[in-house]
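Chain by chain, the residues:
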Amino acid sequence: MNLRQKYPDLLTHLAIATAISLVVNFSYLLLLIVEQTYDPNTVVTAHHTPHRMKEKIREGILHISPDGHGYMVCGKDSVYVPMHRIYRLGLCEGDCLKAKVRNAQRGGGHPMLMTLSERNGELFDYSTIYRHPSSASDIILQLMFYMLLSFLIISLVTPRGRQTAKKHFIYRCLGGVVLAGVLYTIAPTPNIRTGTLVPNFMNRSMFDYMLVLKCSFATVVSLLYGWVYQLIMQRQAMMTENEKLKNENLTTRYNMLVGQVNPHFFFNSLNSLSMLVREKEEEKALKYIEQLSYTFRYTLQSGQNTLVTLGEELKFTEAFGYLFKIRYADKLFISIDVPTEYHKWLLPVMSLQPLIENAVKHNTITKAHPLNITLTIENNRLVISNPKRPKIEEEPSTGIGLENLNNRVHLLMDSQIEIQNTDTDFIVVLPLKAPEQC
(Lines give C-alpha, C1' and ligand atoms only; values in the text may rest on other atoms or scores of the structure.)
Protein backbone atom coordinates (compact mmCIF):
# COMPACT_ATOMS: atom_id res chain seq x y z
CA MET A 1 0.00 0.00 0.00
CA ASN A 2 1.54 3.33 -1.10
CA LEU A 3 1.44 6.60 0.80
CA ARG A 4 -1.38 8.03 -1.31
CA GLN A 5 -3.63 5.03 -0.60
CA LYS A 6 -2.86 5.03 3.13
CA TYR A 7 -3.28 8.79 3.58
CA PRO A 8 -5.52 9.98 0.73
CA ASP A 9 -5.60 13.63 1.88
CA LEU A 10 -1.93 13.96 2.84
CA LEU A 11 -0.72 15.36 -0.50
CA THR A 12 -3.68 17.76 -0.68
CA HIS A 13 -2.95 19.08 2.82
CA LEU A 14 0.74 19.50 1.93
CA ALA A 15 -0.13 21.40 -1.26
CA ILE A 16 -2.48 23.75 0.62
CA ALA A 17 0.12 24.29 3.37
CA THR A 18 2.79 25.10 0.75
CA ALA A 19 0.49 27.62 -0.95
CA ILE A 20 -0.26 29.32 2.38
CA SER A 21 3.47 29.50 3.17
CA LEU A 22 4.25 31.12 -0.20
CA VAL A 23 1.47 33.69 0.23
CA VAL A 24 2.56 34.51 3.78
CA ASN A 25 6.22 35.02 2.87
CA PHE A 26 5.83 36.88 -0.40
CA SER A 27 2.70 38.97 0.06
CA TYR A 28 3.38 42.70 0.20
CA LEU A 29 -0.20 43.24 1.30
CA LEU A 30 0.82 42.04 4.77
CA LEU A 31 3.65 44.57 4.80
CA LEU A 32 1.23 47.33 3.85
CA ILE A 33 -1.02 46.49 6.80
CA VAL A 34 1.89 46.54 9.26
CA GLU A 35 3.61 49.64 7.97
CA GLN A 36 0.58 51.78 7.16
CA THR A 37 1.07 53.76 10.38
CA TYR A 38 4.50 54.86 9.07
CA ASP A 39 3.16 56.35 5.83
CA PRO A 40 5.15 59.58 5.30
CA ASN A 41 2.31 61.10 3.30
CA THR A 42 -0.01 60.98 6.32
CA VAL A 43 -0.41 64.48 7.77
CA VAL A 44 -0.92 64.47 11.51
CA THR A 45 -2.49 67.60 12.90
CA ALA A 46 -3.30 68.79 16.36
CA HIS A 47 -6.97 68.15 15.65
CA HIS A 48 -6.46 64.42 14.87
CA THR A 49 -3.71 63.63 17.37
CA PRO A 50 -4.60 62.42 20.88
CA HIS A 51 -4.10 65.06 23.58
CA ARG A 52 -3.59 67.61 20.75
CA MET A 53 0.12 66.70 20.43
CA LYS A 54 1.74 68.53 17.50
CA GLU A 55 4.47 67.15 15.25
CA LYS A 56 7.37 69.14 13.87
CA ILE A 57 10.39 68.54 11.66
CA ARG A 58 13.73 67.95 13.44
CA GLU A 59 17.23 67.07 12.21
CA GLY A 60 19.97 65.26 14.05
CA ILE A 61 22.52 62.45 14.27
CA LEU A 62 21.40 58.95 15.33
CA HIS A 63 23.17 57.23 18.21
CA ILE A 64 22.21 53.63 19.09
CA SER A 65 22.72 52.44 22.67
CA PRO A 66 23.89 48.88 23.47
CA ASP A 67 20.35 47.83 24.38
CA GLY A 68 19.12 48.61 20.84
CA HIS A 69 17.25 51.84 21.54
CA GLY A 70 18.34 55.03 19.76
CA TYR A 71 18.41 58.77 20.19
CA MET A 72 18.60 61.42 17.49
CA VAL A 73 20.82 64.19 18.93
CA CYS A 74 19.64 67.63 17.81
CA GLY A 75 22.09 70.08 19.36
CA LYS A 76 21.40 70.09 23.07
CA ASP A 77 18.13 68.15 22.69
CA SER A 78 17.55 64.51 21.85
CA VAL A 79 14.67 62.60 20.22
CA TYR A 80 13.87 59.04 21.21
CA VAL A 81 13.92 56.47 18.38
CA PRO A 82 12.21 53.17 19.34
CA MET A 83 14.16 49.98 18.85
CA HIS A 84 11.63 48.44 16.45
CA ARG A 85 11.73 51.56 14.23
CA ILE A 86 15.51 51.36 14.03
CA TYR A 87 15.22 47.82 12.79
CA ARG A 88 12.23 48.40 10.52
CA LEU A 89 13.78 51.46 8.83
CA GLY A 90 17.25 49.90 8.63
CA LEU A 91 18.93 52.78 10.48
CA CYS A 92 22.57 52.71 11.50
CA GLU A 93 24.79 54.44 14.02
CA GLY A 94 25.73 57.97 12.84
CA ASP A 95 22.96 58.39 10.29
CA CYS A 96 21.93 61.99 9.70
CA LEU A 97 18.12 62.03 9.94
CA LYS A 98 15.38 64.49 9.15
CA ALA A 99 12.05 63.37 10.59
CA LYS A 100 8.70 64.34 12.01
CA VAL A 101 8.90 64.35 15.79
CA ARG A 102 6.07 64.17 18.27
CA ASN A 103 6.43 66.14 21.48
CA ALA A 104 6.65 64.33 24.80
CA GLN A 105 3.31 63.34 26.28
CA ARG A 106 4.33 64.21 29.83
CA GLY A 107 6.81 66.59 31.35
CA GLY A 108 10.32 65.19 31.56
CA GLY A 109 9.84 62.72 28.72
CA HIS A 110 11.62 62.62 25.36
CA PRO A 111 10.09 63.63 22.04
CA MET A 112 9.65 60.58 19.75
CA LEU A 113 10.57 60.08 16.12
CA MET A 114 7.41 59.33 14.11
CA THR A 115 8.02 59.41 10.32
CA LEU A 116 11.33 59.72 8.54
CA SER A 117 11.66 62.30 5.74
CA GLU A 118 15.37 62.18 4.84
CA ARG A 119 18.33 59.99 5.63
CA ASN A 120 21.88 61.23 5.06
CA GLY A 121 20.58 64.01 2.79
CA GLU A 122 18.42 61.71 0.61
CA LEU A 123 14.63 61.39 0.63
CA PHE A 124 13.67 58.25 2.48
CA ASP A 125 11.69 55.73 0.42
CA TYR A 126 9.35 53.73 2.64
CA SER A 127 8.92 51.10 -0.06
CA THR A 128 12.43 49.86 0.69
CA ILE A 129 11.92 49.12 4.37
CA TYR A 130 10.75 45.55 3.73
CA ARG A 131 14.00 43.64 3.98
CA HIS A 132 13.98 40.16 2.55
CA PRO A 133 15.89 37.45 4.42
CA SER A 134 19.59 37.89 3.91
CA SER A 135 20.22 34.48 2.35
CA ALA A 136 18.49 31.63 0.50
CA SER A 137 18.77 29.48 3.62
CA ASP A 138 16.76 32.06 5.59
CA ILE A 139 14.06 32.09 2.91
CA ILE A 140 13.85 28.30 2.92
CA LEU A 141 13.72 28.24 6.73
CA GLN A 142 10.79 30.66 6.86
CA LEU A 143 8.98 28.83 4.05
CA MET A 144 9.41 25.52 5.88
CA PHE A 145 8.17 26.96 9.17
CA TYR A 146 4.94 28.42 7.80
CA MET A 147 4.35 25.31 5.71
CA LEU A 148 4.79 23.19 8.87
CA LEU A 149 2.50 25.50 10.85
CA SER A 150 -0.25 25.35 8.20
CA PHE A 151 0.11 21.60 7.65
CA LEU A 152 -0.14 20.77 11.36
CA ILE A 153 -3.22 22.97 11.84
CA ILE A 154 -4.89 21.58 8.70
CA SER A 155 -4.17 18.01 9.80
CA LEU A 156 -5.64 18.80 13.22
CA VAL A 157 -8.85 20.52 12.10
CA THR A 158 -9.80 18.23 9.21
CA PRO A 159 -12.28 15.55 10.38
CA ARG A 160 -11.42 11.89 10.56
CA GLY A 161 -13.90 9.11 9.94
CA ARG A 162 -17.38 10.14 11.05
CA GLN A 163 -16.29 12.97 13.37
CA THR A 164 -18.03 15.64 11.30
CA ALA A 165 -20.20 17.05 14.10
CA LYS A 166 -20.03 20.80 14.70
CA LYS A 167 -18.80 20.43 18.30
CA HIS A 168 -15.91 18.23 17.17
CA PHE A 169 -14.89 20.86 14.61
CA ILE A 170 -14.98 23.61 17.26
CA TYR A 171 -12.74 21.55 19.55
CA ARG A 172 -10.30 20.95 16.70
CA CYS A 173 -10.24 24.68 15.85
CA LEU A 174 -9.44 25.54 19.47
CA GLY A 175 -6.64 22.99 19.36
CA GLY A 176 -5.36 24.59 16.14
CA VAL A 177 -5.27 28.04 17.76
CA VAL A 178 -3.37 26.66 20.77
CA LEU A 179 -0.92 24.92 18.42
CA ALA A 180 -0.37 28.17 16.51
CA GLY A 181 0.37 29.95 19.79
CA VAL A 182 2.96 27.33 20.74
CA LEU A 183 4.65 27.46 17.34
CA TYR A 184 4.67 31.28 17.47
CA THR A 185 7.22 31.13 20.29
CA ILE A 186 9.70 29.21 18.11
CA ALA A 187 9.02 31.00 14.82
CA PRO A 188 12.16 32.12 12.97
CA THR A 189 12.27 35.90 13.20
CA PRO A 190 15.10 38.42 12.51
CA ASN A 191 16.98 39.57 15.56
CA ILE A 192 16.30 43.24 16.08
CA ARG A 193 19.99 44.13 16.38
CA THR A 194 21.78 41.64 14.14
CA GLY A 195 19.12 40.85 11.52
CA THR A 196 19.88 37.11 11.64
CA LEU A 197 17.04 34.61 12.05
CA VAL A 198 16.59 33.27 15.58
CA PRO A 199 13.68 31.56 17.39
CA ASN A 200 11.19 34.17 18.51
CA PHE A 201 11.63 33.41 22.23
CA MET A 202 15.30 34.49 21.94
CA ASN A 203 14.35 38.08 21.04
CA ARG A 204 14.09 40.61 23.81
CA SER A 205 10.50 41.35 22.81
CA MET A 206 8.54 38.39 21.51
CA PHE A 207 5.86 40.66 20.05
CA ASP A 208 6.51 41.42 16.41
CA TYR A 209 3.79 42.96 14.22
CA MET A 210 4.86 41.15 11.06
CA LEU A 211 5.28 37.80 12.80
CA VAL A 212 1.88 38.08 14.51
CA LEU A 213 0.27 38.96 11.19
CA LYS A 214 1.95 36.09 9.34
CA CYS A 215 1.05 33.49 11.97
CA SER A 216 -2.50 34.83 12.24
CA PHE A 217 -2.94 34.77 8.48
CA ALA A 218 -1.64 31.20 8.19
CA THR A 219 -3.86 30.08 11.10
CA VAL A 220 -7.04 31.72 9.79
CA VAL A 221 -6.58 30.39 6.25
CA SER A 222 -5.85 26.89 7.60
CA LEU A 223 -8.99 26.99 9.78
CA LEU A 224 -11.07 28.20 6.82
CA TYR A 225 -9.74 25.33 4.74
CA GLY A 226 -10.65 22.96 7.55
CA TRP A 227 -14.17 24.40 7.61
CA VAL A 228 -14.55 23.93 3.84
CA TYR A 229 -13.16 20.41 4.17
CA GLN A 230 -15.68 19.76 6.95
CA LEU A 231 -18.57 20.85 4.70
CA ILE A 232 -17.30 18.64 1.87
CA MET A 233 -16.99 15.65 4.21
CA GLN A 234 -20.52 16.22 5.54
CA ARG A 235 -21.84 16.38 1.97
CA GLN A 236 -20.02 13.20 1.05
CA ALA A 237 -21.28 11.46 4.18
CA MET A 238 -24.84 12.51 3.33
CA MET A 239 -24.46 11.24 -0.23
CA THR A 240 -23.00 7.97 1.05
CA GLU A 241 -25.87 7.50 3.49
CA ASN A 242 -28.42 8.26 0.78
CA GLU A 243 -26.76 5.75 -1.53
CA LYS A 244 -26.66 3.20 1.26
CA LEU A 245 -30.33 3.82 1.95
CA LYS A 246 -31.19 3.27 -1.70
CA ASN A 247 -29.26 0.01 -1.69
CA GLU A 248 -30.97 -1.08 1.53
CA ASN A 249 -34.39 -0.35 0.06
CA LEU A 250 -33.57 -2.17 -3.16
CA THR A 251 -32.26 -5.12 -1.18
CA THR A 252 -35.39 -5.17 0.97
CA ARG A 253 -37.69 -5.05 -2.05
CA TYR A 254 -35.70 -7.73 -3.82
CA ASN A 255 -35.74 -10.03 -0.78
CA MET A 256 -39.45 -9.42 -0.33
CA LEU A 257 -40.23 -10.22 -3.96
CA VAL A 258 -38.00 -13.30 -3.92
CA GLY A 259 -39.60 -14.46 -0.66
CA GLN A 260 -43.09 -13.98 -2.05
CA VAL A 261 -42.57 -15.32 -5.56
CA ASN A 262 -40.42 -18.28 -4.63
CA PRO A 263 -42.06 -21.67 -5.18
CA HIS A 264 -42.41 -22.36 -1.46
CA PHE A 265 -44.43 -19.22 -0.77
CA PHE A 266 -46.42 -19.55 -3.97
CA PHE A 267 -47.13 -23.22 -3.29
CA ASN A 268 -48.34 -22.46 0.25
CA SER A 269 -50.55 -19.64 -1.04
CA LEU A 270 -52.12 -21.88 -3.70
CA ASN A 271 -52.50 -24.67 -1.16
CA SER A 272 -54.38 -22.39 1.21
CA LEU A 273 -56.52 -21.05 -1.63
CA SER A 274 -57.36 -24.54 -2.94
CA MET A 275 -58.30 -25.62 0.59
CA LEU A 276 -60.78 -22.76 0.80
CA VAL A 277 -62.21 -23.66 -2.61
CA ARG A 278 -62.57 -27.36 -1.71
CA GLU A 279 -64.35 -26.43 1.49
CA LYS A 280 -66.54 -24.10 -0.56
CA GLU A 281 -65.47 -21.12 1.57
CA GLU A 282 -66.17 -18.70 -1.24
CA GLU A 283 -66.13 -15.55 0.84
CA LYS A 284 -62.85 -16.53 2.50
CA ALA A 285 -61.38 -17.51 -0.88
CA LEU A 286 -62.32 -14.17 -2.41
CA LYS A 287 -60.90 -12.30 0.59
CA TYR A 288 -57.74 -14.42 0.41
CA ILE A 289 -57.26 -13.50 -3.26
CA GLU A 290 -57.90 -9.85 -2.43
CA GLN A 291 -55.40 -9.81 0.44
CA LEU A 292 -52.81 -11.69 -1.61
CA SER A 293 -53.22 -9.18 -4.44
CA TYR A 294 -52.90 -6.26 -2.00
CA THR A 295 -49.76 -7.80 -0.50
CA PHE A 296 -48.06 -8.05 -3.91
CA ARG A 297 -49.18 -4.54 -4.90
CA TYR A 298 -47.92 -2.96 -1.66
CA THR A 299 -44.58 -4.74 -2.02
CA LEU A 300 -44.12 -3.54 -5.61
CA GLN A 301 -45.02 0.04 -4.71
CA SER A 302 -43.12 0.22 -1.43
CA GLY A 303 -39.91 1.47 -3.05
CA GLN A 304 -41.60 4.75 -4.00
CA ASN A 305 -41.39 6.04 -0.41
CA THR A 306 -38.85 5.71 2.35
CA LEU A 307 -41.18 6.57 5.21
CA VAL A 308 -44.87 5.58 5.37
CA THR A 309 -47.61 6.14 7.88
CA LEU A 310 -48.22 3.59 10.57
CA GLY A 311 -51.78 3.27 9.28
CA GLU A 312 -50.52 2.03 5.89
CA GLU A 313 -48.14 -0.45 7.52
CA LEU A 314 -50.90 -1.79 9.76
CA LYS A 315 -53.21 -2.24 6.78
CA PHE A 316 -50.47 -4.21 5.00
CA THR A 317 -49.85 -6.19 8.19
CA GLU A 318 -53.50 -7.20 8.33
CA ALA A 319 -53.39 -8.36 4.72
CA PHE A 320 -50.10 -10.18 5.08
CA GLY A 321 -51.13 -11.65 8.44
CA TYR A 322 -54.40 -12.88 6.93
CA LEU A 323 -52.45 -15.14 4.57
CA PHE A 324 -50.71 -16.73 7.55
CA LYS A 325 -53.91 -17.02 9.57
CA ILE A 326 -55.60 -18.97 6.76
CA ARG A 327 -52.59 -21.25 6.49
CA TYR A 328 -52.47 -21.90 10.24
CA ALA A 329 -56.29 -21.92 10.70
CA ASP A 330 -57.10 -20.89 14.28
CA LYS A 331 -53.56 -21.20 15.55
CA LEU A 332 -52.09 -17.77 14.63
CA PHE A 333 -53.44 -14.44 15.83
CA ILE A 334 -52.24 -10.89 15.22
CA SER A 335 -53.62 -8.43 17.78
CA ILE A 336 -53.35 -4.74 16.87
CA ASP A 337 -54.02 -2.30 19.69
CA VAL A 338 -52.90 1.04 18.25
CA PRO A 339 -54.86 4.26 18.91
CA THR A 340 -56.04 5.98 15.72
CA GLU A 341 -54.11 9.17 16.54
CA TYR A 342 -50.89 7.24 15.87
CA HIS A 343 -51.96 6.12 12.38
CA LYS A 344 -50.37 9.26 10.88
CA TRP A 345 -47.04 8.72 12.62
CA LEU A 346 -44.21 7.56 10.37
CA LEU A 347 -41.83 4.60 10.20
CA PRO A 348 -39.70 2.95 7.49
CA VAL A 349 -41.68 1.11 4.84
CA MET A 350 -41.90 -2.70 5.17
CA SER A 351 -40.88 -2.60 8.86
CA LEU A 352 -43.49 -5.02 10.24
CA GLN A 353 -43.37 -7.78 7.62
CA PRO A 354 -39.93 -9.21 8.58
CA LEU A 355 -40.89 -9.16 12.28
CA ILE A 356 -44.06 -11.22 11.64
CA GLU A 357 -42.16 -13.62 9.40
CA ASN A 358 -39.49 -14.11 12.08
CA ALA A 359 -42.14 -14.87 14.72
CA VAL A 360 -43.79 -17.48 12.46
CA LYS A 361 -40.46 -18.93 11.37
CA HIS A 362 -38.90 -19.51 14.78
CA ASN A 363 -41.89 -20.60 16.92
CA THR A 364 -44.00 -23.73 17.17
CA ILE A 365 -47.63 -23.07 16.18
CA THR A 366 -50.18 -25.67 17.31
CA LYS A 367 -53.75 -25.78 18.56
CA ALA A 368 -52.48 -26.39 22.06
CA HIS A 369 -50.01 -23.53 21.78
CA PRO A 370 -51.31 -20.93 19.32
CA LEU A 371 -49.04 -17.99 18.50
CA ASN A 372 -50.31 -14.52 19.36
CA ILE A 373 -48.38 -11.56 17.91
CA THR A 374 -49.26 -8.28 19.62
CA LEU A 375 -48.75 -4.71 18.34
CA THR A 376 -49.15 -1.91 20.90
CA ILE A 377 -47.97 1.63 21.58
CA GLU A 378 -45.71 2.54 24.52
CA ASN A 379 -44.04 5.91 24.99
CA ASN A 380 -44.71 6.91 21.37
CA ARG A 381 -43.05 3.74 20.12
CA LEU A 382 -44.51 0.66 18.43
CA VAL A 383 -43.98 -2.56 20.40
CA ILE A 384 -44.19 -5.91 18.57
CA SER A 385 -44.10 -8.91 20.91
CA ASN A 386 -44.74 -12.64 20.81
CA PRO A 387 -44.23 -15.51 23.29
CA LYS A 388 -41.22 -17.74 22.68
CA ARG A 389 -41.98 -21.39 21.84
CA PRO A 390 -38.90 -22.58 19.96
CA LYS A 391 -39.28 -25.36 17.45
CA ILE A 392 -37.76 -28.76 18.22
CA GLU A 393 -35.56 -28.36 15.19
CA GLU A 394 -34.71 -24.69 15.20
CA GLU A 395 -34.21 -23.02 11.85
CA PRO A 396 -30.92 -21.14 11.54
CA SER A 397 -31.17 -17.39 12.08
CA THR A 398 -28.98 -15.10 9.99
CA GLY A 399 -30.12 -11.88 11.66
CA ILE A 400 -30.09 -10.13 8.27
CA GLY A 401 -33.73 -9.04 8.54
CA LEU A 402 -33.30 -7.30 11.89
CA GLU A 403 -29.96 -5.78 10.89
CA ASN A 404 -31.44 -4.45 7.68
CA LEU A 405 -34.40 -2.97 9.56
CA ASN A 406 -32.11 -1.38 12.17
CA ASN A 407 -29.92 0.19 9.45
CA ARG A 408 -32.93 1.70 7.73
CA VAL A 409 -34.29 3.07 11.02
CA HIS A 410 -30.88 4.62 11.75
CA LEU A 411 -30.55 6.25 8.33
CA LEU A 412 -34.12 7.52 8.06
CA MET A 413 -34.84 8.45 11.68
CA ASP A 414 -31.41 8.71 13.32
CA SER A 415 -32.52 6.17 15.91
CA GLN A 416 -32.22 2.47 16.75
CA ILE A 417 -34.62 -0.41 17.20
CA GLU A 418 -34.68 -2.03 20.63
CA ILE A 419 -34.68 -5.82 20.98
CA GLN A 420 -35.68 -7.53 24.24
CA ASN A 421 -35.01 -11.25 24.05
CA THR A 422 -36.10 -12.86 27.33
CA ASP A 423 -36.69 -16.49 28.26
CA THR A 424 -40.43 -16.16 27.64
CA ASP A 425 -40.90 -13.36 25.13
CA PHE A 426 -39.30 -11.79 22.07
CA ILE A 427 -39.99 -8.05 21.85
CA VAL A 428 -38.97 -5.50 19.23
CA VAL A 429 -39.53 -1.77 19.88
CA LEU A 430 -39.71 0.44 16.78
CA PRO A 431 -39.29 4.23 17.07
CA LEU A 432 -41.97 6.37 15.42
CA LYS A 433 -41.65 9.88 13.99
CA ALA A 434 -44.40 12.39 14.58
CA PRO A 435 -45.72 13.87 11.30
CA GLU A 436 -44.98 17.45 12.36
CA GLN A 437 -41.27 16.58 12.68
CA CYS A 438 -40.97 15.84 8.95
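Anything mentioned here points back to the structure above.
Criteria and cut-off values
- Residues numbered from 1 in each chain as written.
- Predicted model: local features only at pLDDT ≥ 70, side-chain atom pairs only at ≥ 80, totals over all residues.
- Heavy atoms only, no water.
- Pairing = 2+ DSSP bridges.
- Helix = DSSP H or I, 4+ residues; strand = E, 2+ residues; numbered from the N terminus.
- Axes fitted to C-alpha atoms, helices over the stretch in contact; angles between N-to-C directions.
- Contact = heavy atoms within 4.5 Å.
- Phe/Tyr/Trp six-rings, centres within 6.5 Å; stacked < 30°, edge-to-face > 60°.
- Buried < 20%, exposed > 50% of the residue type's maximum accessible area, 1.4 Å probe, protein only.
- Patch = residues over 30% accessible without salt bridge, like charges linked within 9 Å, V, L, I, M, F, W, Y side chains within 5 Å.
- Areas by Shrake-Rupley, 256 points an atom, 1.4 Å probe, with all protein chains shown as cover.
- Salt bridge = Lys/Arg side-chain N within 4 Å of Asp/Glu carboxyl O.
- Parallel < 35°, antiparallel > 145°, perpendicular 65-115°, else oblique.
- Left-handed = near helix turned anticlockwise from the far one by under 90°.
- Nonpolar A, V, L, I, M, F, W, Y, C, P; charged D, E, K, R; others polar.
- Core = buried A, V, L, I, M, F, W, Y, C linked by side-chain atoms within 4.5 Å.

(A) Quick look at the sheet that holds strand E12 (residues 371-378). A sheet is described by the order of its strands in space; here five strands give the open sequence E10-E12-E13-E15-E14, paired in mixed fashion. Since the sheet does not close on itself, it has two edges, and those belong to strand E10 (332-337) and strand E14 (418-421), each with one partner. Mean inter-strand twist for the sheet, computed between neighbouring axes without regard to direction, equals 15°. Bridge count between strand E13 (residues 381-387) and strand E15 (residues 425-431): seven bridges; the pairing is antiparallel. Counted as the bridge partner of Asn-386 is Phe-426 from E15. Running over the sheet, helix H10 (residues 310-327) touches E10, E12 and E13 and is turned about 165° from E10. Each of E10, E12, E13 and E15 is contacted by helix H11 (residues 353-362), which is oriented at about 145° to E12, the strand it contacts most.

(B) Region of interest: the pairing of E14. Note: E14 against E15, four bridges, orientation antiparallel. When the bridges of E15 are listed, Ile-419 appears paired with Val-428. Hairpin connection between E14 and E15: a loop of three residues separates the two successive antiparallel strands.

(C) The environment of Glu-357, seen in detail. With respect to the element layout, Glu-357 can be found in helix H11. Separated by 44 residues in the primary sequence, Glu-357 and Gly-401 have C-alpha atoms spaced 9.6 Å apart. Aside from chain neighbours lying at most four places away, what touches Glu-357 is Phe-320 and Phe-324.

(D) View of the packing of aromatic side chains. Summed over the entire model, instances satisfying the criterion amount to eight aromatic pairs. Between the aromatic rings of Tyr-298 and Phe-316, the centroid separation amounts to 4.6 Å while the plane-to-plane angle is 20°, which identifies the pairing as stacked. Of this pair, Tyr-298 sits in helix H9 (residues 282-301) while Phe-316 is found in helix H10, placing the two residues 18 residues apart along the sequence. Residue class for Tyr-298 comes out buried when judged on its relative accessible area of 9%.

(E) Local environment of a nonpolar patch on the surface. Where nonpolar side chains cluster on the molecular surface, the patch consists of Val-220, Leu-224, Trp-227, Val-228, Leu-231 and Ile-232 and spans about 530 Å² of accessible area. Looking at where Val-220 falls in the secondary structure, it is placed in helix H7 (residues 209-261).

(F) Structural context of the packing of H10 against H11. Running from N to C, H10 and H11 point in directions that differ by 25°, and their axes come no closer than 10 Å. Considered as vectors, H10 and H11 are oriented roughly parallel to each other. For the element pair H10 and H11, the recorded crossing hand is right-handed. Counting all contacts with H10, which are made through Phe-316, Thr-317, Phe-320 and Phe-324, the residues of H11 involved are Gln-353, Ile-356, Glu-357 and Val-360. Its residues assigned to classes, the contact of H10 with H11 shows five nonpolar, two polar and one charged.

(G) Representation of the nonpolar core within the structure. One finds Leu-310, Ile-373, Leu-375, Leu-382, Ile-384, Leu-430 and Leu-432 to be the most contacted residues of the largest nonpolar core, which totals 37 residues. Elements that contribute at least two residues to this core include exactly H9, H10, E10, H11, E12, E13, helix H12 (400-413) and E15. Among the elements that line this core, the one with the most residues is H10, at six residues. Residue contacts for Ile-384: discarding those within four places in its chain leaves Leu-352, Leu-355, Ile-373, Thr-374, Leu-375, Phe-426, Ile-427, Val-428 and Leu-430. One finds Phe-145, Tyr-146, Leu-183 and Leu-211 within the second-largest nonpolar core, a separate group that totals 21 residues.

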